[in-house]
There are 2 protein chains.
Amino acid sequence: MIPQGFTFSAVNAGIKSPDHEGLDLGLIVCSHEAVASGVFTRNLVKAAPVLIGMEHVKRGTARAIIANSGNANACTGPQGIDDARSMMEAIADSLRIRAEDVVPLSTGVIGVRMPIGRILPKIPALVARLGEDVDGFERSIMTTDTFPKIVARRAGGARVLGFAKGAGMIAPDMATTLAVVLTDAKISKQQLDNIVLSTIDESFNAITVDGDTSTNDTLVALSSGLVDAALPEVQQAIQETIRELAMMVVRDGEGATKLVTIDVSGATSPADAKTIAMSIANSLLVKTALFGADPNWGRIVAAAGYSGVSLDPGRISVRIQGLPIVEAGEQTSSFDETALHEALLTREIAIAVSVGDGPGAFRAFTTDLSYRYVEINAQYRT
Amino acid sequence: MIPQGFTFSAVNAGIKSPDHEGLDLGLIVCSHEAVASGVFTRNLVKAAPVLIGMEHVKRGTARAIIANSGNANACTGPQGIDDARSMMEAIADSLRIRAEDVVPLSTGVIGVRMPIGRILPKIPALVARLGEDVDGFERSIMTTDTFPKIVARRAGGARVLGFAKGAGMIAPDMATTLAVVLTDAKISKQQLDNIVLSTIDESFNAITVDGDTSTNDTLVALSSGLVDAALPEVQQAIQETIRELAMMVVRDGEGATKLVTIDVSGATSPADAKTIAMSIANSLLVKTALFGADPNWGRIVAAAGYSGVSLDPGRISVRIQGLPIVEAGEQTSSFDETALHEALLTREIAIAVSVGDGPGAFRAFTTDLSYRYVEINAQYRT
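Below you will find a few notes about this structure. Just so it is clear, the model here is predicted, and its values are computed rather than measured.

**Remarks on the interface of chain A and chain B**
Here is step 1: Taken together, the 60 residues of chain A in the interface contact 60 residues of chain B.
Here is step 2: Between chain A and chain B the total buried area reaches about 4700 Å² when both faces are included, carbon and sulfur atoms providing 62% of it.
Here is step 3: Taken together, chain A and chain B are joined by zero salt bridges.
Here is step 4: Of all the secondary structure elements, the ones that give two or more residues to the side of chain A that touches chain B are helix 2 (77-95), helix 9 (284-291), helix 10 (298-305), strand 13 (330-331), helix 11 (337-343) and helix 12 (371-378) of chain A.
Here is step 5: When grouped by side-chain class, the residues that make up the side of chain A that touches chain B number 29 nonpolar, 22 polar and nine charged.

So, in structure tokens, the structure goes:
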């Protein structure tokens with residue numbers, strides 16, 4: 001399952017606290033210079049590793065990824081940049097590569113300085129353990145995730161391997177999504193950028209758990225280029241990997257009891273369709289109704305109505321679990337409240353909203369909002 | 001406390017269900033033609049009474065308000081308009097006024113036809129009971145509100161009387177805010193419009209419980225014009241009434257355990273300040289942290305960062321309960337996690353966020369997000 005040229009490692013560095021157990025510092029190394037691509041949070045408040053990572057991806061090459069959980073290294077000012085660079089330099093020294101070839105990824109508490117004093121002494125052990133510990137690397141970036149998120153695909157003789165940590169938050173801190181996609185397929189920077197950018201909008205940018213955008217969200221893609229493979233196969237394998245990782249993240253949304261697919265069609269443009277879909281996907285009233293299997297379709301129509309997109313309420317139609325609920329803005333004559341309630345008791349919910357006969361369509365993925373979400377995010381960390 | 005010229009009444013019409021008890025149909029009548037003003041939901045999906053009420057306010061005069069809870073008369077198509085009109089006509093017939101002088105207000109379940117067959121027979125009793133039953137009218141529009149929202153003010157010899165129902169939702173249906181402001185002060189349509197419009201943005205448009213905009217939100221203001229009073233006094237009394245009603249609504253937000261004031265300053269414009277304030281006020285992560293008294297200021301900074309307003313993270317400063325938490329985008333040296341946690345245990349929370357040295361400022365009001373909110377909104381209505 002491992003793409004040629006990549007090795008993995010993870011250790012415990014007590015990053016969240018000295019007595020914190022479990023893997024929290026992970027490393028991925030490529031045997032030579034890899035082609036690098038990636039996308040980053042649109043939050044204007046960007047963590048230090050995001051600011052640094054954006055530079056790497058602009059340059060388009062990298063040799064290693066140093067990742068940690070337990071501290072986001074965000075809102076820590078110039079000190080945060082210095083701390084991230086000292087981690088990069090420590091890795092570079094022991095690998096005999098350039099510090100600017102190391103991509104940093106962090107997730108965890110905001111505003112607290114990275115415990116560099118505990119991290120740096122662990123770097124030698126981290127490098128010494130480099131091998132095939134794919135699971136270890138995944139565990140080192142997991143936070144409140146309830147299951148590991150690793151996806152492997154083949155593209156002819158080439159391989160694609162993906163990792164993610166979820167929108168499960170480091171209770172009680174920021175939601176952050178981190179994703180890493182590795183391949184050994186020979187591919188250009190431009191080709192890799194195109195694949196990542198063409199896939200992100202329908203995957204990681206189409207999921208929401210609570211609408212809060214993290215300071216650290218990052219997806220990094222590296223290619224070792226050691227294997228020749230047909231581009232269409234490589235593209236499909238990378239796209240499937242990214243989509244599957246995104247689905248795993250939303251499935252594991254904090255406190256989620258349901259995975260909800262929201263298909264909006266008939267909008268003037270895909271952008272309008274996305275705005276409407278995300279308005280529904282982020283509505284607290286919709287999400288709490290889904291948690292309670294409440295056949296309360298009015299909340300869906302209302303959320304479409306306040307999305308900001310111009311639409312004609314008289315042309316809205318809604319299907320839930322395949323049942324026709326609303327047509328031309330009105331409840332259908334066949335509407336059966338009890339039947340819809342029962343249809344909403346399942347774990348996977350499909351909502352289809354048509355707002356007209358335009359060409360714009362978008363599929364969003366969300367979760368319900370449960371007591372557990374409040375519990376996870378209301379708890380005071382000490 | 002009652003402005004001259006107005007009488008009130010309320011009855012039970014079993015609107016939500018035939019066996020539903022309690023007042024759910026209310027009436028306010030002015031002894032002659034009143035000057036009318038108002039503001040309505042910006043949701044593109046507008047309930048029938050909203051569409052009709054907007055016409056009234058455009059014309060600028062009214063004689064009566066017929067209000068009900070238990071059914072929003074929304075998403076019911078042309079039938080909804082017909083049902084609202086038949087209620088208006090029944091009131092007009094028994095009062096010998098014009099149907100177009102009756103303003104309808106509705107709140108309740110969406111998509112279900114108004115039970116006209118139960119409502120119309122109650123109109124005679126409703127009209128017969130017209131008198132000073134101010135409390136009865138308020139109770140007829142209350143839903144999950146935990147306390148009545150009535151405000152009375154004096155302006156010289158003139159009086160101002162305000163009613164509201166809260167963003168407590170008719171579980172499990174839409175949040176709706178209804179407000180009625182009555183005065184006997186002699187005032188022109190233009191003057192009344194100016195006062196209402198100049199006050200709404202800092203009051204009802206500055207509060208949020210869950211960010212969901214109802215299909216029925218309405219504020220209607222009527223003046224009988226029977227008393228001469230100085231305009232500045234009248235303006236102040238009406239403004240205080242509207243502001244106080246808005247505060248009562250947010251205080252009574254569903255499941256709320258805290259009233260949170262968010263002051264944003266230093267923005268380029270008041271509009272930018274409002275966008276940032278509402279982004280923080282609607283953040284689930286901020287609201288759950290406040291519920292748990294979690295000193296998690298990173299969520300506030302992050303919510304400002306994704307508001308969509310261009311800002312410099314390095315210039316953000318945050319004060320919570322007067323404590324300096326963030327300066328120049330970084331945690332202050334005086335930050336004391338335990339002290340902030342204790343400061344957050346109170347019922348009223350003040351958050352001040354400065355994003356630069358611009359002239360734009362805005363004050364928003366919100367609540368925390370509790371288990372009770374999920375409970376109220378997840379319950380299936382049968």
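What follows picks up the thread again.
**Some words on the relation of the copies chain A and chain B**
Here is step 1: The transformation that overlays chain A on chain B combines an axial shift of 0.0 Å with a rotation of 180°, and the residual RMSD is 0.1 Å. The operation mapping one copy onto its partner corresponds to a two-fold rotation axis. Ranked by how close their C-alpha atoms come to the rotation axis, the residues of chain A are headed by Tyr371(A), at 2.8 Å.
Here is step 2: A share of 100% of the interface residues of chain A reappears at the interface of chain B, consistent with the copies meeting face to face through the same patch.

**Focus: the sheet that holds strand 13 of chain A**
Residue and element names in this part refer to chain A.
Here is step 1: Strand order in the open sheet formed by seven strands is 8-15-10-14-11-12-13, with mixed pairing between adjacent strands. Strands with a single pairing partner mark the edges of an open sheet, and in this sheet they are strand 8 (207-208) and strand 13.
Here is step 2: Bridge analysis of strand 8 against strand 15 (residues 360-367) gives two bridges, and the strand direction is parallel. Looking at strand 15, one finds that Ile207 is bridged to Phe365.

**With respect to the sheet that holds strand 13 (residues 330-331) of chain B**
Here is step 1: The seven strands lie next to each other as 8-15-10-14-11-12-13 (chain B), forming an open sheet whose pairing is mixed. Each of the sheet's edge strands pairs with one partner strand only, and the pair in question is strand 8 (207-208) and strand 13 of chain B.

**Side note on the environment of Lys46(A)**
Residue and element names in this part refer to chain A.
Here is step 1: Looking at the secondary structure, you find Lys46 in the loop between strand 2 (25-40) and helix 1 (48-59).
Here is step 2: Between the C-alpha atoms of Lys46 and Ser214, which are 168 residues apart in sequence, the distance is 8.4 Å.
Here is step 3: Sequence-distant contacts of Lys46, that is, excluding residues within four places in its chain, are made with Thr41, Leu51, Met54 and Thr215.
Here is step 4: From its side chain, Lys46 meets the backbone oxygen of Asn43 in a polar contact 2.9 Å long.

Definitions and cut-offs
Residues numbered from 1 in each chain as written. Chains lettered and ligands numbered in written order. Predicted model: local features only at pLDDT ≥ 70, side-chain atom pairs only at ≥ 80, totals over all residues. Heavy atoms only, no water. Contact = heavy atoms within 4.5 Å. Buried area = accessible area lost by both parts, 1.4 Å probe. Salt bridge = Lys/Arg side-chain N within 4 Å of Asp/Glu carboxyl O. Helix = DSSP H or I, 4+ residues; strand = E, 2+ residues; numbered from the N terminus. Nonpolar A, V, L, I, M, F, W, Y, C, P; charged D, E, K, R; others polar. Least-squares fit on C-alpha atoms with pLDDT ≥ 70 in both. Pairing = 2+ DSSP bridges. Polar contact = N/O pair within 3.5 Å; in protein donor to acceptor, adjacent residues only side chain to side chain.

The values are spatial; any link to function lies outside them.
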